[in-house]
Amino acid sequence: MHETSIVIGLLQSLSDLADRENAKKITKVRIKIGKLSGIVVDSFQFAFDTLKGEFKKIKDAELTIEETPARYRCNDCKKEFEIDSVYFPECPQCNSLNLSLISGEELEVIDVEIEV
Ligand SMILES: [Zn+2]
């Protein structure tokens, strides 16, 4: 599963972070996943909860996922807008299909709480 390898990468970098900060453990992790990232949030959450036990500083961490919508800028009228549907987006103002994607593909850690 696609999400599993991403979660393992995330857990490894969190584990490195905990070591670097001399933390006893990580208690909370908040991440942002873009709608267009191709990541299934439920699978990601499940993989995280399943795999976190392998990392002793992360095994009690609670994961919160914020899903961010796709955000586009219209190249014709310059309007920026967010959209839930990922198929055939069009500008709500001028119906143009000439759009640039601004965000929606990201996977970012927003913040991490550690216990020292
Ligand atoms: Zn437009």
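Structure's up top.
Residues numbered from 1 in each chain as written. Predicted model: local features only at pLDDT ≥ 70, side-chain atom pairs only at ≥ 80, totals over all residues.

Let us look at the sheet that holds strand S6 (residues 107–115). A sheet is described by the order of its strands in space; here three strands give the open sequence S2-S1-S6, paired in mixed fashion. On the outer flanks of this sheet lie strand S2 (62–68) and S6, each paired with one strand and no other. Recorded for the sheet is a direction-independent mean angle of 15° between the axes of neighbouring strands. Sheet analysis places strand S1 (residues 25–34) next to S2, joined by seven bridges and oriented parallel. Pairing of arginine 30 across the sheet is with threonine 64, part of S2. Each of S1 and S2 is contacted by helix H2 (residues 41–51), which is oriented at about 165° to S2, the strand it contacts most. (Pairing = 2+ DSSP bridges. Helix = DSSP H or I, 4+ residues; strand = E, 2+ residues; numbered from the N terminus. Axes fitted to C-alpha atoms, helices over the stretch in contact; angles between N-to-C directions. Contact = placed C-beta atoms within 7 Å.)

To continue, consider the packing of helix H1 (residues 2–20) against H2. Helix-helix packing is characterised by the crossing angle of the two axes and by the distance between the axes. Two elements in contact, H1 and H2, have axes whose closest approach is 9 Å; the angle formed by their N-to-C orientations is 50°. One element, H1, and the other, H2, form an angle in the oblique class. Regarding H1 and H2, the two cross each other, and that crossing is right-handed. In contact with Glu3, Thr4, Val7, Ile8 and Leu11 of H1, H2 contributes Ser43, Phe44, Ala47, Phe48 and Leu51. Partitioning the contact of H1 with H2 into residue classes produces seven nonpolar, two polar and one charged. (Parallel < 35°, antiparallel > 145°, perpendicular 65-115°, else oblique. Left-handed = near helix turned anticlockwise from the far one by under 90°. Nonpolar A, V, L, I, M, F, W, Y, C, P; charged D, E, K, R; others polar.)

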